[in-house]
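Below, each chain spelled out in residue letters.
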Amino acid sequence: MIDNWYYSIHNLEIHVFGDRYCYLPKEADDTLKQDIKISLSKNFMGFKTHKEANDVLNNLPSKKEQDSPYLNLLNEIIHSIWSSKQKLYGKIENLELKKESAITLGVLSTLKRLENSYESIIFLIKNHFYFEATAINRLIFEQLNYCFNLTHLTQSEYESLSRSQQKKKLNPTNIKNLKEFLTTYNLGRFYSDLSELAHIDIKRINEYLIEDEEKDGYLIIRKDIIQSILMALYLYRNIDIHGIVLEYFLSTHNNENELTFIEKENGKLKLNSNRPSRKTVNDFSEKYRKLIENVDLHPQVIRENQNFKVENDDLPF
């Protein structure tokens, strides 16, 4: 038995036969994938043996997966996010702090714990659960902001504060410090967007509800690949902020540090406007913009929905 508490979920992909399905790691052995498919078909079609199910599978016409430029873009963004995330955590894994303290423990433990959040949100985005991904995107941002606020305190300042003062200084919703450092970011709008969506602000209900003129009603959007791409772009901006926060922390608590996201000018730390992550997310945003302008999306690809009718136009949005 493998003694391992950690199993990755970000790379799970669905395998379906009829209404039976399961998730397997993308890198799973082809033999295992075939065995699972046989088991699913056996269960769905009521065969008694694996041989019967396998014989039917072998005689089924091969299905060619429909190429979707939207799906291709989403997968490209996710792959890039995961690669960038791995590089950031490689820095943490190889880190040797010159001095340990409550500050360094707080920052590093929070950043390490966020690995689970990245696992979860990528799984959700890949499966087009865009609305649920919003809450985790907001959680990631607030934890990064907490780390930045904590980095701004020295150990002596931290110890001199009362509990109520600590709570105020380290409030993850207080973005003052981060906003002042990220001068080229529209951080207020970024955080407001995530908060409004996560809390179902009245003016954002249309993010998951659209008018259906054909049936004279409204459609609830359960899954949406377009919204999923947007959530992936929000996540990439969080990755960018993650890199900035990590390097800022390392520069103030560990002098030897190669800088990519930030830079030093006249002894002061500042945002690196030429950081690769900024260019990458902007390039992906431009690809997305061109895609929605030029490529139609088949309705079945967009959403799973349910139609509702209303008696009047007095709606809460």
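Just so it is clear, the structure is predicted and the values come from calculations on it, not from any experiment. (Residues numbered from 1 in each chain as written. Predicted model: local features only at pLDDT ≥ 70, side-chain atom pairs only at ≥ 80, totals over all residues. Heavy atoms only, no water.)

Participant: What is the right way to look at the pattern of salt bridges in this model?
Facilitator: Two side chains of opposite charge can pair, provided their charged atoms sit close to one another. This structure, assessed with the given rule, holds 17 salt bridges. The shortest N-O distance in the salt bridge between K112 and E93 comes to 2.4 Å. Residue K112 is located in helix 4 (residues 102-126), and its partner E93 is located in helix 3 (residues 69-93); the two are separated by 19 residues in the primary sequence. Residue K112 is classed as partly exposed on the basis of its relative accessible area of 31%. When its relative accessible area of 52% is taken as the criterion, E93 is described as exposed. We note a salt bridge from E286 to R289, for which the minimum N-O separation is 2.4 Å. Of the two residues, E286 and R289 are both situated in helix 11 (residues 276-294); the distance of 3 residues between them amounts to about one turn of the helix. A relative accessible area of 32% means that E286 is categorised as partly exposed. Each member of the salt-bridge network shares a partner with another, and the members are K85, E93, K112 and E115. (Salt bridge = Lys/Arg side-chain N within 4 Å of Asp/Glu carboxyl O. Helix = DSSP H or I, 4+ residues; strand = E, 2+ residues; numbered from the N terminus. Buried < 20%, exposed > 50% of the residue type's maximum accessible area, 1.4 Å probe, protein only.)

Participant: Whenever I open this one, the nonpolar core confuses me. Can you help?
Facilitator: Across soluble globular proteins, nonpolar side chains show a tendency to be buried alongside one another. The biggest cluster of nonpolar side chains holds 68 residues, and the ones touching the most others in it are I77, Y118, I125, F141, L182, L187 and I241. Sort the elements by how many residues they give to this core and helix 10 (residues 225-253) lands first, with 16 residues. Excluding residues that lie within four positions of it along the chain, I241 makes contacts with F141, L144, L178, L182, Y185, L187 and F190. (Core = buried A, V, L, I, M, F, W, Y, C linked by side-chain atoms within 4.5 Å. Contact = heavy atoms within 4.5 Å.)

Participant: Hey, could you run me through unusual backbone geometry in this one?
Facilitator: Leave glycine aside and you will find that most residues have negative phi; peptide bonds, for their part, are mostly trans. Even without being a glycine, H128 presents a positive backbone phi close to 70°. By the element assignment, H128 lies in the loop between helix 4 and helix 5 (130-151). Even without being a glycine, I200 presents a positive backbone phi close to 50°. Tracing the chain through its elements places I200 in the loop between helix 9 (187-198) and strand 3 (209-212).

Participant: How do you make sense of the packing of aromatic side chains when you look at a structure like this?
Facilitator: Geometrically, a pair of aromatic rings is defined through the distance of the ring centres and the angle of the planes. Counted by the stated rule, this structure contains 12 aromatic pairs. A centroid spacing of 6.4 Å and a plane angle of 80° characterise the contact between Y130 and F131, whose relative ring orientation is edge-to-face. Given the relative accessible area of 3%, Y130 is considered buried. Among the residues examined, F131 registers a relative accessible area of 22% and is labelled partly exposed. Pairing F148 with Y248 gives two aromatic rings, centres 4.8 Å apart and planes at 55°, and the pair type is tilted. You can see F148 sitting in helix 5 and its partner Y248 sitting in helix 10, a full 100 residues away along the chain. Residues F148 and Y248 agree in their burial class; the two are buried. Through pairs of rings, three or more aromatic residues link up here, namely F141, F190, Y191 and Y234. (Phe/Tyr/Trp six-rings, centres within 6.5 Å; stacked < 30°, edge-to-face > 60°.)

Participant: Would you explain the packing of helix 3 against helix 4 in this entry?
Facilitator: The description of two packed helices rests on the angle between their axes and on the distance between the axes. Where helix 3 contacts helix 4, the two axes come as close as 11 Å, and the packing angle between them is 165°. Taken together, the axes of helix 3 and helix 4 are roughly antiparallel relative to one another. In terms of crossing hand, the pair formed by helix 3 and helix 4 is left-handed. Counting all contacts with helix 3, which are made through L74, I78, I81, W82, K85, Y89, I92 and E93, the residues of helix 4 involved are L108, L111, K112, L114, E115, Y118, E119, I122, I125 and K126. (Axes fitted to C-alpha atoms, helices over the stretch in contact; angles between N-to-C directions. Parallel < 35°, antiparallel > 145°, perpendicular 65-115°, else oblique. Left-handed = near helix turned anticlockwise from the far one by under 90°.)

Participant: Is there a simple way to explain a negative patch on the surface in this structure?
Facilitator: Residues E211, E213, E214 and D216 make up a contiguous surface patch of negative charge. If you trace the backbone, E211 turns up in strand 3. Judged by relative accessible area, which is 54%, E211 ranks as exposed. (Patch = residues over 30% accessible without salt bridge, like charges linked within 9 Å, V, L, I, M, F, W, Y side chains within 5 Å. Areas by Shrake-Rupley, 256 points an atom, 1.4 Å probe, with all protein chains shown as cover. Lys, Arg positive; Asp, Glu negative; His and termini not counted. Charge placed at Lys NZ, Arg CZ, Asp CG, Glu CD.)

Participant: In this structure, what is going on with the packing of helix 5 against helix 10? I would like to understand it.
Facilitator: Taken N-terminus to C-terminus, the directions of helix 5 and helix 10 make an angle of 15°; their axes are 10 Å apart at the nearest point. When the axes of helix 5 and helix 10 are compared, the pair comes out roughly parallel. Seen from above, helix 5 lies across helix 10 with left-handed handedness. Grouping the constituent residues of the contact of helix 5 with helix 10 by class yields 14 nonpolar, 9 polar and no charged. (Nonpolar A, V, L, I, M, F, W, Y, C, P; charged D, E, K, R; others polar.)

Participant: For this particular structure, what's the right way to read helix 11?
Facilitator: Since one α-helical turn is 3.6 residues long, residues separated by three or four positions face the same way. Given a rise of 1.5 Å per residue, 19 residues ought to cover 27 Å, and the 27 Å separating the end C-alpha atoms of helix 11 matches this to within 8%. For helix 11, every residue scored as buried is listed here: S277, V281, F284, Y288 and L291. Within helix 11, the buried residues cover an arc of 80° as seen down the axis, which keeps them to one side. Turned more than 90 degrees off the buried face of helix 11, the exposed positions are K279, E293 and N294. (Expected span 1.5 Å × (residues − 1). Arc of directions from axis to C-beta.)

Participant: In this structure, what is going on with the side chain of T134? I would like to understand it.
Facilitator: Position of T134 relative to the elements: it lies in helix 5. Judged by relative accessible area, T134 falls into the buried class, the value being 1%. Within the structure, the side chain of T134 is placed 3.2 Å from the backbone oxygen of Y130, a separation counted as a polar contact. Residues contacting T134, with those up to four places away along its chain left out, are L194, L197, A198 and M231. (Polar contact = N/O pair within 3.5 Å; in protein donor to acceptor, adjacent residues only side chain to side chain.)

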